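Okay, here's what each chain looks like letter by letter:
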Amino acid sequence: MFNKVLIANRGEIASRVIRTCKSLGVKTVAVYSEADQEAPFVSEADESYLIGGPKVNESYLNIDAIVNVAKETNSEAVHPGYGLLSENTDFAKRLEDENIVFIGPDSNAINQMGSKLTARQTMEKAGVPIIPGTNDPVESVEDAKQIASDIGYPVMVKASHGGGGIGMEIVQNDTELEKAFESNARRAEQFFGNGTMFIEKVIEDAHHIEIQVLADHYGETVHLFDRECSIQRRHQKVIEEAPSPLLSEETRQEMGEAGVRAAKAINYKNAGTIEFLVDEDQNFYFLEMNTRLQVEHPVTEQITGVDLVEEQLKIAYGEKLSFSQEDLQINGHAIEARIYAEDPKTFFPSPGQITAFNPPVGTNIRHDIGVNSQYKVTPYYDPMVAKLIAFGNSRAETIDHLKDALMDYEVEGIKTNIPFLIDVTQSPAFQKGDTRTSFIQEFMIKQ
């Protein structure tokens, strides 16, 4: 196993990786910005180094600074966490050139899935169902109108290199398309340096369901079942669970097999996630592949007993998977709620000084936390401060554990979305598992 690993991330995921490294006897190196000097992960690591100012481009996106620390500390590998540089081809390639192991897929796999258009083309060739739409760039508004007319409104205008909801918009007619096409192309160019656009048919009343995969360097690829991720605001997930309450066992198996085919199609190595949209008839369509660890990975860990970060480290080190597909099974149910520093009604960020932070305790809950009672939430980063994961023998039992824990959660000094999360757990639609991607919009209208 590696002797020392640098974590090129921050917050709860940095703490999460440090925890597993320590359990394996691996020394850890943290890098941090000026805004994160008092963050818990900085003191949890064996070594910590300031790499820049509070803005992400001054610190957590500064490839030169991170690589320099890795070399100076003799770190053999870098774990990128999620977000930030985790799916950055240049970062992965730079580490490869420096003979530092990137704990994730190689730069070629990241590059193939980094372009949503290339991903669509690749998945279609691999026999994975894709959403009706274009497999080539759409060059103009007029071309976009013709495509929309052919496949029928509503359609989704999407940036090929977009992410996090940036560069994508649902449109219902030609007038909306004219506005959305150029504005989203500009935003994609601004945020990702690439304004290439394409069009997809909107799968209405869809569920967002993803398949977790692991692949080693010896030809073994397995799936660790599915996660339901349909409760989203602004295309960002809020509550996730495993397994999905929608899927039949037959569809679950078909989606798992499709996920494995998708990973093998690009010779994928390490942990990855294939995301699908699933309609009410359980037809599923490839949406995208995330070539990294997901925020919601704990729910998969809880139902399978597999430590995904540990497996990432072992695969990157060159070890074979110690289990096969036949060894994996679903045990119970797990639900994750993301705790955000935000207004529970408007979902606007709520930065500020935390004056009290007392998470609940219990045998059926787990916390992945990035803050403490002295932490100041800044406006520079994603406002998620913690994740609360509940688990039990059944979905109904797990919902009860989650609701009770949320009601016992104490955070003072900032607004959080905890009141919203409590309301969701008590809603009949959620309790029935009717959690389509339109859930929050419909839920807020009823409030």
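So, here's what we can say about the structure. The structure displayed is predicted, hence computed values, not measured ones.

Describing the nonpolar core
In this structure, Phe41 and Leu214 are the most contacted members of the largest nonpolar core, which totals 72 residues. Not counting chain neighbours up to four residues away, the residues in contact with Phe41 comprise Asn9, Arg10, Gly11, Ala14, Ser15, Ile18, Ala30, Val31, Tyr32, Asp36 and Tyr60. Among the nonpolar cores identified, the runner-up in size contains 23 residues, and Met113, Ile130, Ile209 and Val278 belong to it.

Remarks on helix H6 (residues 116–125)
When H6 is considered as a whole, its buried residues turn out to be Lys116, Leu117, Ala119, Arg120, Thr122 and Met123. Buried-residue contacts for H6 involve helix H5 (107–114), strand S6 (155–163), strand S8 (197–201), helix H9 (249–265) and strand S13 (284–290). Immediately downstream of H6, the backbone of Gly127 shows phi near 80 degrees, a positive value.

Things to note about the sheet that holds strand S7 (residues 166–171)
With respect to topology, three strands assemble into an open sheet ordered S7-S6-S8, the strand pairing being antiparallel. Across the chains shown, the open sheet's two edge strands, defined by having one partner strand only, are S7 and S8. Sheet twist, expressed as the mean angle between neighbouring strand axes with direction ignored, is 25 degrees. Of the pairings in the sheet, the one linking S6 to S7 comprises five bridges and is antiparallel in character. Bridge pairing links Met156 to Ile170 in S7. Most of the contacts of H6 go to S6, to which it runs at about 105 degrees, and overall it touches S6 and S8.

Describing the packing of aromatic side chains
Ring pairs (aromatic) are described by centroid distance and by the angle formed between their planes. The final tally for this structure, using the stated rule, is 10 aromatic pairs. Their ring planes at 75 degrees and their centres at 5.1 Å tell us that Phe2 and Tyr317 sit as a pair that is edge-to-face. Taken as a pair, Phe2 in the segment before strand S1 (4–7) and Tyr317 in helix H11 (residues 308–317) lie far apart in primary sequence, 315 residues in all. One aromatic cluster is present, formed by Phe347, Phe420, Phe439 and Phe443 through successive ring pairs. Here Lys320 stacks its cationic end above the ring of Tyr218, 5.4 Å away from the centre of that ring. The ring centre of Phe430 lies 5.0 Å from the NZ or CZ of Arg395, which sits over that ring.

Remarks on the sheet that holds strand S12 (residues 270–278)
Strand order in the open sheet formed by eight strands is S13-S12-S9-S10-S11-S14-S19-S17, and the pairing between neighbours is antiparallel. Each edge of the open sheet carries a strand with a single partner, namely S13 and strand S17 (365–369). Across the sheet, the mean angle from the axis of one strand to that of its neighbour is 25 degrees, orientation sign disregarded. In this sheet, strand S19 (residues 384–392) lies alongside S17 in antiparallel orientation, the contact comprising five bridges. Paired with Arg366 across the bridge in S19 is Ile389. The strands touched by H9 within the sheet are strand S9 (207–215), strand S10 (221–233), S12 and S13, with S10 carrying the most contacts at an inclination of about 105 degrees.

Here we look at the pattern of salt bridges
For the structure on display, the rule yields 34 salt bridges. With a shortest N-O distance of 3.4 Å, Asp205 and Arg436 are connected by a salt bridge. Of this pair, Asp205 sits in the loop between S8 and S9 while Arg436 sits in the loop between helix H14 (428–432) and helix H15 (439–446); the two residues are 231 residues apart in sequence, bridging distant segments of the chain. Across the pair Arg338 and Glu240 runs a salt bridge, and its minimum N-O distance is 2.6 Å. Of this pair, Arg338 sits in strand S14 (residues 333–340) while Glu240 sits in strand S11 (residues 236–242), placing them 98 residues apart in sequence. Each member of the pair, Arg338 as well as Glu240, carries the same accessibility label: buried.

Description of the packing of helix H1 (residues 11–23) against H11
It is the contact of H1 with H11, at a shortest axis distance of 9 Å, that shows an interaxial angle of 65 degrees. Viewed along their axes, H1 and H11 adopt a mutual orientation that is roughly perpendicular. Classified by chirality, the crossing of H11 by H1 is right-handed. Where H1 approaches H11, its residues Arg16, Val17, Thr20 and Cys21 are matched on the opposing element by Leu308, Val309, Glu310 and Leu313. Here the residues of the contact of H1 with H11 sort into five nonpolar, one polar and two charged.

Some points on helix H7 (residues 141–151)
Regarding H7, the residues found buried are Val141, Ala144, Lys145, Ile147 and Ala148. Buried residues of H7, viewed axially, fall in a sector of 165 degrees; they line one side. Of the residues in H7, the exposed ones pointing more than 90 degrees away from the buried face are Glu142, Ser149 and Asp150. Those residues of H7 that are buried lie in contact with S6, helix H8 (174–192) and S8. Positive backbone phi, approximately 90 degrees, marks Gly152, located one or two places after H7.

Regarding the packing of H7 against H8
Remark: H7 packs on H8, axes separated minimally by 10 Å, with the N-to-C direction vectors making an angle of 135 degrees. Judged on the interaxial angle alone, H8 and H7 are oblique. As H7 packs across H8, the resulting crossing turns out to be right-handed. In this structure, H7 contributes Val141, Ala144, Lys145 and Ala148 to the contact, and H8 contributes Asp174, Leu177, Glu178, Phe181 and Glu182. When the residues that make up the contact of H7 with H8 are grouped by side-chain class, the tally is five nonpolar, no polar and four charged.

Scoring rules and cut-offs
Residues numbered from 1 in each chain as written. Predicted model: local features only at pLDDT ≥ 70, side-chain atom pairs only at ≥ 80, totals over all residues. Heavy atoms only, no water. Core = buried A, V, L, I, M, F, W, Y, C linked by side-chain atoms within 4.5 Å. Buried < 20%, exposed > 50% of the residue type's maximum accessible area, 1.4 Å probe, protein only. Contact = heavy atoms within 4.5 Å. Helix = DSSP H or I, 4+ residues; strand = E, 2+ residues; numbered from the N terminus. Pairing = 2+ DSSP bridges. Axes fitted to C-alpha atoms, helices over the stretch in contact; angles between N-to-C directions. Phe/Tyr/Trp six-rings, centres within 6.5 Å; stacked < 30°, edge-to-face > 60°. Lys NZ or Arg CZ within 6 Å of the ring centre and 35° of its normal. Salt bridge = Lys/Arg side-chain N within 4 Å of Asp/Glu carboxyl O. Parallel < 35°, antiparallel > 145°, perpendicular 65-115°, else oblique. Left-handed = near helix turned anticlockwise from the far one by under 90°. Nonpolar A, V, L, I, M, F, W, Y, C, P; charged D, E, K, R; others polar. Arc of directions from axis to C-beta.

Function cannot be inferred from these measures alone, as they are strictly geometric.
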